[in-house]
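Observations on chain architecture
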Amino acid sequence: MEQLLNSGLEVVIKSGFLYLPLLFDPEIAGEIGSQQGLSRHFSLIRVSGKLFIQTLDLASLAANYHRIHAEEYERRRGEFLRKLWPPAGEGELFLGPNLKAIIFRVLPHFWRRSSGFSRKSLGEGEILDLIREKIEDLPDFGKMAEDLAQSFAWHRSRTLPQRLGWEEPEEPPAPPEEGLIAAKDLRPWLRQVLARKIWEEEKGRLEDSLKEQEELGGISPERRVVLLYLAAVGFLEIDGFGFTRLRLPDEYIIYQRTGEFALKDFLGRVYLFPDCRVAVSTLPPLKPVVLEKYKHPLLQRHAPGQAICISQDFAPPNVFSGPNAIAALEEGVNALFVNYSSRAIRGYHKLGDVKQPYQIVDFDDLKISRDHPGIVSGRIEIKNDFT
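First, a word on scope: everything that follows refers to the structure included in this document. Remember, it's a predicted structure, so these values are computed and weren't measured experimentally. (Residues numbered from 1 in each chain as written. Predicted model: local features only at pLDDT ≥ 70, side-chain atom pairs only at ≥ 80, totals over all residues. Heavy atoms only, no water.)

**Looking at the overall build of the protein chain**
Stated precisely, the cut-off is as follows: Only DSSP runs of H or I covering at least 4 residues are called helices, and only runs of E covering at least 2 are called strands; the numbering of each starts at the N terminus. Only protein chains enter the accessibility calculation, which uses a 1.4 Å probe. A residue is then buried if its area is under 20% of the maximum for its type, exposed if over 50%, and partly exposed in between. We call two residues contacting when some pair of their heavy atoms lies within 4.5 Å. Only the protein chains shown count as cover for residues, and the accessible areas themselves come from Shrake-Rupley with a 1.4 Å probe.
In terms of helices and strands, the protein chain carries 14 helices and 14 strands. Among the 387 residues that make up the protein chain, the fraction classed as buried is 45%. Considering only residue pairs separated by 6 or more positions, the protein chain has 64% of its internal contacts joining residues 24 or more positions apart. Summed over its atoms, the accessible surface of the protein chain is roughly 20,300 Å², and 52% of this surface lies on carbon and sulfur atoms.

**Focus on helix α13 (residues 322–338)**
Basically, it comes down to this: How far a helix is expected to stretch is found by multiplying one less than its residue total by 1.5 Å. Any pair of N or O atoms that falls within 3.5 Å is considered a polar contact. Within protein, one atom must be able to donate a hydrogen and the other to accept it, and sequence-neighbouring residues count only if both atoms are side-chain atoms.
With 17 residues, α13 extends 24 Å from end C-alpha to end C-alpha; this agrees with the ideal 24 Å at 1.5 Å per step. Residues of α13 that are buried: Gly322, Ala325, Ile326, Ala328, Leu329, Glu330, Glu331, Gly332, Val333, Ala335, Leu336 and Phe337. By the N-cap criterion, in which a side-chain oxygen at the helix start approaches the backbone nitrogen of a residue two or three places on, α13 is capped by Ser321, the distance to Asn324 being 3.2 Å.

**Details of the nonpolar core**
Our working rule: Put simply, buried Ala, Val, Leu, Ile, Met, Phe, Trp, Tyr and Cys residues joined by side-chain atoms within 4.5 Å make one nonpolar core. Each domain's extent is set by a domain assignment, obtained either automatically or from a database.
Counting residues in each nonpolar core, the largest one holds 55 residues, and the members touching the most others are Ile103, Ile131, Phe241, Ile254, Phe273 and Ile308. Sorting elements by how many residues they give to this core places helix α7 (residues 97–115) first, with 9 residues. The residue makeup of this core includes at least three contributed by each of domain 1 (97–172 + 198–234) and domain 2 (258–377). Apart from the residues lying within four places of it in its own chain, the contact partners of Ile308 are Val278, Pro288, Val289, Val290, Leu298, Leu299, Gly332, Ala335 and Leu336. Core analysis: the next-biggest nonpolar cluster, separate from the first, contains 23 residues, Leu18, Tyr65, Leu81 and Ile181 among them.

**As for the pattern of salt bridges**
As a reminder of what qualifies: When a carboxyl oxygen of Asp or Glu is within 4 Å of a side-chain nitrogen of Lys or Arg, the pair counts as a salt bridge.
As enumerated under the stated definition, the model contains 12 salt bridges in all. Between Asp385 and Lys264 there is a salt bridge whose closest N-O contact spans 3.1 Å. With Asp385 in the segment after α14 (373–377) and Lys264 in strand β9 (residues 261–264), this pair connects stretches of sequence that are 121 residues apart. Classification of Lys264 as buried rests on a relative accessible area of 13%. Notably, a salt bridge pairs Arg370 with Asp385, separated by 4.0 Å at the nearest N-O pair. With a gap of 15 residues between them, Arg370 in the loop between β14 (367–368) and α14 and Asp385 in the segment after α14 connect regions that are remote in the sequence.

**Quick word on the pairing of strand β2 (residues 17–21)**
Here is the rule: Following DSSP output, two strands are said to pair if at least two bridges run between them.
In the sheet, strand β1 (residues 10–14) pairs with β2 via 3 bridges, with the strands oriented antiparallel. Note on β2: the bridge partner recorded for Val12 is Tyr19. Taking the residues between adjacent antiparallel strands as the criterion, β1 and β2 are bridged by 2 residues, where Ser15 takes a positive phi near 55°. Judged from the 4 bridges that link them, β2 and strand β4 (residues 50–57) form a sheet pairing that is antiparallel. Bridging from a neighbouring strand, Pro21 pairs with Phe52 of β4.

**Focus on the pairing of β4**
Judged from the 4 bridges that link them, strand β3 (residues 44–47) and β4 form a sheet pairing that is antiparallel. What sits directly across from Arg46, in β4, is Leu51.

**Focus on the sheet that holds strand β5 (residues 179–182)**
Note on sheets: strands pair through backbone hydrogen bonds, and any given pair is parallel or antiparallel. For clarity, the threshold we go by: To define axes, lines are fitted to C-alpha atoms, for helices over the stretch in contact only, and angles between the resulting N-to-C directions are given on a 0 to 180 degree scale.
Pairing is antiparallel in the open sheet, where 5 strands are placed in the order β3-β4-β2-β1-β5. The open sheet is flanked by β3 and β5, the only strands paired with a single partner. Pairs of neighbouring strands in the sheet enclose a mean axial angle of 40°, with direction left out of account. When β1 meets β5, the two strands line up antiparallel, connected through 4 bridges. Counted as the bridge partner of Glu10 is Ala182 from β5.

**Some details on the environment of Ser7**
For Ser7, the location among the structural elements is in the loop between α1 (2–6) and β1. For the pair Ser7 and Ala183, spaced 176 residues apart in sequence, the C-alpha to C-alpha distance is 6.8 Å. Those residues in contact with Ser7 that sit more than four places away from it in its chain are Ala183 and Lys184.

Below you can see the structure in the form of structure tokens.
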């Protein structure tokens with residue numbers, strides 16, 4: 001859609017639908033050469049001697065933009081919210097749904113795996129108790145809790161935009177008038193529609209969050225302090241799992257550490273890969289990346305923040321949730337561990353002396369002996385040693 005809005009194409013608006021130029025095709029031209037032929041094709045119209053085909057309902061395009069163009073919508077959402085929100089840490093305390101999903105859904109899943117806890121479900125109170133045990137020198141947030149409770153009366157007396165200092169966007173105008181227009185002339189209307197949609201969504205999300213924060217009074221002071229601490233500092237790492245806040249108040253990077261691991265090449269030689277953090281963002285799509293400057297056969301370069309070459313069977317989720325974050329993180333970690341085969345061509349590079357023609361990364365410095373103490377002791381596992 002962005003390409004269309006940046007193009008010099010002429011489009012037609014008619015009865016609320018967007019009509020795009022019909023590409024020339026001799027067979028189609030012959031079939032609809034006459035007005036009688038054109039009348040049989042209800043999706044085609046002729047304007048200024050050119051043929052146009054019906055495509056999208058403009059109202060439906062705006063309402064479903066987040067589904068049709070998920071990545072572009074999230075980019076626009078980020079741009080819009082950055083104008084509203086101060087940098088993280090400068091605004092009011094924010095305990096949003098994303099943070100709660102990370103604490104109560106994602107963290108326990110990886111915590112049980114790394115710490116040997118039983119697979120039984122942990123209650124929210126138990127999770128906060130376990131986090132409290134792991135945090136050293138937890139500050140006294142009693143004063144913050146009191147201030148937060150006192151502020152609710154002020155918040156309830158004002159609308160959300162008033163208490164956040166937001167200026168409510170104007171109601172979006174009607175779609176452009178019917179007729180032939182330049183595609184770029186659709187941009188102002190679409191931007192205003194999306195801005196209003198994003199504002200309404202954020203308003204509802206924050207209203208829900210403030211209601212949840214008011215319910216903090218229903219949990220014990222010790223557990224309340226843990227939640228307030230996490231909302232205030234915006235980061236945590238426990239037993240290899242962690243998260244850190246991005247600029248926006250309820251957007252985070254979530255990661256799982258791999259620890260040291262080894263892979264073998266076609267001849268059975270072993271390569272030791274250092275610990276790294278496989279991460280996804282709460283901003284969809286949830287594509288797993290490696291945060292550190294890192295090299296691996298399934299990474300294109302030796303650089304930080306690279307997307308992992310994952311299985312074609314896995315589609316990065318377009319909605320953030322606890323289960324989706326878990327699935328994306330596990331897909332990324334498992335790809336680094338077991339998706340590289342010394343026999344099949346997978347990813348960008350190969351281990352060993354026989355390299356792919358376009359290979360730009362070398363792994364010779366990672367080569368170790370099978371007598372390496374970590375291998376012998378079993379502390380370091382050769383992940384793709386299936387035979």
